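Notes for the structure review
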Amino acid sequence: MINIPSDYSDVRLPRQAQLRRVQRVIRDELTPLQREVLLAVYYGGKTQAQVAEDRGVSRSTVCRTLHRAEARLRRFLRY
């Protein structure tokens, strides 16, 4: 029989497993635009204004796309 703790707040996946899940969701569940904006802002060190200028869109479009990507990440990474 499996011993399940009564307090689930302590139950976490190992860090490497968490990173693999995040990578899989970014790769498989985000649209190409969401993926590009998310990676440019969080991993590429670009500002929303720089991404908007590079893509030829308004900053609010980039902001909205980033917000939707983050919401989608949260939804798919929920336990």
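See the structure shown above.
The paragraphs below set out a description of the structure included in this document. (Residues numbered from 1 in each chain as written. Predicted model: local features only at pLDDT ≥ 70, side-chain atom pairs only at ≥ 80, totals over all residues. Heavy atoms only, no water.)

**Quick word on the overall build of the chain**
In terms of regular secondary structure, the chain is built from 4 helices and 0 strands. Counted from the first residue to the last, the chain has its helices and strands arranged as α-α-α-α. Sorting the 79 residues of the chain into buried and exposed places 20% on the buried side. For the chain, long-range pairs separated by at least 24 residues make up 55% of all intrachain contacts whose partners lie at least 6 apart in sequence. (Helix = DSSP H or I, 4+ residues; strand = E, 2+ residues; numbered from the N terminus. Buried < 20%, exposed > 50% of the residue type's maximum accessible area, 1.4 Å probe, protein only. Contact = heavy atoms within 4.5 Å.)

**Brief notes about helix H1 (residues 15-29)**
Taking 1.5 Å per residue, 15 residues should reach 21 Å; H1 reaches 21 Å between its end C-alpha atoms and fits that length. For H1, the full list of buried residues reads Ala17, Val25 and Ile26. In this structure, the buried side of H1 is in contact with helix H2 (32-42) and helix H4 (59-77). (Expected span 1.5 Å × (residues − 1).)

**A few points about the pattern of salt bridges**
Scanning all chains against the criterion turns up 4 salt bridges. Of the charged contacts, one joins Asp28 and Arg27 as a salt bridge, the two residues approaching to 2.9 Å between their closest N and O atoms. Classification of Asp28 as partly exposed rests on a relative accessible area of 41%. Judged by relative accessible area, which is 52%, Arg27 ranks as exposed. (Salt bridge = Lys/Arg side-chain N within 4 Å of Asp/Glu carboxyl O.)

**Quick look at the nonpolar core**
The biggest cluster of nonpolar side chains holds 13 residues, and the ones touching the most others in it are Val37, Leu38 and Val51. Here Leu38 is in contact with Ile26, Leu30, Tyr43, Leu66, Ala69, Glu70 and Leu73, once residues within four sequence places are set aside. (Core = buried A, V, L, I, M, F, W, Y, C linked by side-chain atoms within 4.5 Å.)

**Remarks on the packing of H1 against H4**
Relative to each other, H1 and H4 sit at 125°, their axes nearing to 10 Å. When the axis of H1 is compared with that of H4, the two are oblique. The way H1 lies across H4 gives a crossing that is right-handed. Residues Arg21, Val22, Val25, Ile26 and Glu29 of H1 touch H4, and the partners they reach there are Arg72, Leu73, Phe76 and Leu77. Broken down by class, the residue content of the contact of H1 with H4 amounts to 6 nonpolar, no polar and 3 charged. (Axes fitted to C-alpha atoms, helices over the stretch in contact; angles between N-to-C directions. Parallel < 35°, antiparallel > 145°, perpendicular 65-115°, else oblique. Left-handed = near helix turned anticlockwise from the far one by under 90°. Nonpolar A, V, L, I, M, F, W, Y, C, P; charged D, E, K, R; others polar.)

**Focus on a nonpolar patch on the surface**
On the surface, Leu39, Tyr42 and Tyr43 cluster together into a nonpolar patch covering about 350 Å² of accessible area. Along the chain, Leu39 falls in helix H2. Judged by its relative accessible area of 34%, Leu39 is partly exposed. (Patch = residues over 30% accessible without salt bridge, like charges linked within 9 Å, V, L, I, M, F, W, Y side chains within 5 Å. Areas by Shrake-Rupley, 256 points an atom, 1.4 Å probe, with all protein chains shown as cover.)

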